[in-house]
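# Observations on the three-dimensional arrangement
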Amino acid sequence: ELKVEQNPLFLSMQEGKNYTIYCNYSTTSDRLYWYRQDPGKSLESLFVLLSNGAVKQEGRLMASLDTKARLSTLHITAAVHDLSATYFCAVDIGKSGSEKLVFGKGTKLTVNP
Amino acid sequence: GAGVSQSPSNKVTEKGKDVELRCDPISGHTALYWYRQSLGQGLEFLIYFQGNSAPDKSGLPSDRFSAERTGGSVSTLTIQRTQQEDSAVYLCASSRPKRLAGADPGPYNEQFFGPGTRLTVL
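Because the structure is predicted, anything quoted here is derived from the model rather than measured. (Residues numbered from 1 in each chain as written. Chains lettered and ligands numbered in written order. Predicted model: local features only at pLDDT ≥ 70, side-chain atom pairs only at ≥ 80, totals over all residues. Heavy atoms only, no water.)

## Re the overall build of chain B
For chain B, the count of helices and strands is zero helices and ten strands. Put simply, chain B runs from its N terminus to its C terminus through helices and strands in the order β-β-β-β-β-β-β-β-β-β. Scaling as 2.2 N^0.38, a compact globule of 122 residues should have a C-alpha radius of gyration of about 14 Å, and chain B matches this with 15 Å. Taken over the C-alpha atoms alone, chain B extends approximately 55 × 30 × 25 Å along its principal axes. (Helix = DSSP H or I, 4+ residues; strand = E, 2+ residues; numbered from the N terminus. Rg over C-alpha atoms; globule rule 2.2 N^0.38 Å.)

Laid out in structure tokens, this is it:
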């Protein structure tokens, strides 16, 4: 059974600081997704990582994937308050492009002024 | 274009009643998924539909839960004889297989989520 673990589960940081969220998974996969969820809202797709060594960047967020280590990271650079949200990673082990995703428990990020 | 829509947005019901939750996927998306998110928790997979194939029901927590997808589009999740532990946000997502141009790692599955239905069982 595929297990997806994120850490930390809670992260409180100051504006302007850098930090990394980790996502480990237990089964071979080369497809990993990052989502953002604001309080009371649904999930918004952030990044799609599709191969070993894939790196995607959007603003102050950068995601990477190491399929050999079964690890993805979401790096936050010079955090701002607007980044406060819960971030989920999700892993896809299907081959057809339409399989269920297995989600981590999420990392609740709070960026303090 | 229009995203995934769900209705109702909120539902309060009494223990023992049946409820129906509706999901309208993005037009053209062949796959539809239901997840459940309890307060402060991650997403728990419930069921997914892909085209005309038999649905994957492996995540349904009990036989009180069922879902159908009519005409390959709209889906309804039904919970019979609701219990307090059924209280959660029920999220629907849809997707269609995509491929990257050039080097091809195979199709991938970016799911797009609806706003959810918050179910409260008293």
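## Thoughts on the nonpolar core
If you look at soluble globular proteins, the nonpolar side chains tend to sit buried side by side. All names here are of chain A. In terms of nonpolar packing, the biggest core is built from 25 residues, with Leu32, Trp34, Leu74, Ile76, Tyr87 and Leu109 touching the most fellow members. Secondary-structure elements contributing two or more residues to this core are strand 2 (10-14), strand 3 (19-25), strand 4 (32-37), strand 5 (43-49), strand 7 (61-66), strand 8 (71-76), strand 9 (85-91) and strand 11 (107-112). If you tally residues by element for this core, the top one is strand 9, at four residues. Excluding its chain neighbours within four sequence positions, the residues that come into contact with Tyr87 are Gln6, Ile21, Tyr35, Arg36, Leu46, Leu61, Leu74, Gly106, Thr107 and Leu109. (Core = buried A, V, L, I, M, F, W, Y, C linked by side-chain atoms within 4.5 Å. Buried < 20%, exposed > 50% of the residue type's maximum accessible area, 1.4 Å probe, protein only. Contact = heavy atoms within 4.5 Å.)

## Side note on the environment of Leu11(A)
Residues and elements named next belong to chain A. As for its position among the elements, Leu11 is in strand 2. Since its relative accessible area comes to 7%, Leu11 is described here as buried. Spatially, the C-alpha atoms of Leu11 and Val111 are 8.3 Å apart, while their sequence positions differ by 100 residues. The contacts of Leu11, once residues within four sequence positions are left out, are Tyr19, Ile21, Thr107, Lys108, Leu109 and Thr110.

## Quick word on the sheet that holds strand 3 (residues 19-24) of chain B
Residues and elements named next belong to chain B. Strand order in the open sheet made by the four strands is 1-3-7-6, with antiparallel pairing throughout. Where the open sheet ends on each side, the last strands, each with one partner, are strand 1 (5-7) and strand 6 (65-69). The average undirected angle you get between the axes of adjacent strands in this sheet is 15 degrees. Pairing of strand 6 with strand 7 (residues 75-79) involves five bridges; the strand directions are antiparallel. When the bridges of strand 7 are listed, Glu68 appears paired with Thr76. (Pairing = 2+ DSSP bridges. Axes fitted to C-alpha atoms, helices over the stretch in contact; angles between N-to-C directions.)

## Structural notes on the interface of chain B and chain A
Between chain B and chain A, the contact holds 26 residues from the first and 21 residues from the second. At the boundary of chain B and chain A, one finds zero salt bridges. Across the chain B-chain A interface, the total number found is five residue pairs in polar contact (both at pLDDT 80 or more). Listed by contribution, the elements that provide at least two residues to the side of chain B that touches chain A are strand 4 (31-37) and strand 5 (43-50) of chain B. When grouped by side-chain class, the residues that make up the side of chain B that touches chain A number 14 nonpolar, nine polar and three charged. (Salt bridge = Lys/Arg side-chain N within 4 Å of Asp/Glu carboxyl O. Polar contact = N/O pair within 3.5 Å; in protein donor to acceptor, adjacent residues only side chain to side chain. Nonpolar A, V, L, I, M, F, W, Y, C, P; charged D, E, K, R; others polar.)

## Points about the environment of Ser9(B)
In this structure, Ser9(B) sits in the loop between strand 1 and strand 2 (10-13). Separated by 51 residues in the primary sequence, Ser9(B) and Leu60(B) have C-alpha atoms spaced 21 Å apart.

## Describing the state of the cysteines
Residue and element names in this part refer to chain B. Scanning the model with the defined rule gives two disulfides over all chains in all. Linked covalently through their sulfurs, Cys23 and Cys92 form a disulfide whose S-S length is 1.8 Å. Between Cys23 and Cys92, the disulfide has an S-S torsion of -65 degrees and is therefore left-handed. Taken together, the residues Cys23 in strand 3 and Cys92 in strand 8 (residues 88-95) connect sequence positions 69 residues apart. (Disulfide = S-S within 2.5 Å.)

## Description of the sheet that holds strand 6 (residues 55-58) of chain A
Residues and elements named next belong to chain A. On the basis of which strands lie adjacent, the open sheet formed by five strands has the order 1-3-8-7-6 and antiparallel pairing. Each edge of the open sheet carries a strand with a single partner, namely strand 1 (4-7) and strand 6. Mean inter-strand twist for the sheet, computed between neighbouring axes without regard to direction, equals 15 degrees. In the sheet, strand 6 pairs with strand 7 via four bridges, with the strands oriented antiparallel. Considered in strand 7, the bridge of Glu58 is made with Leu61.

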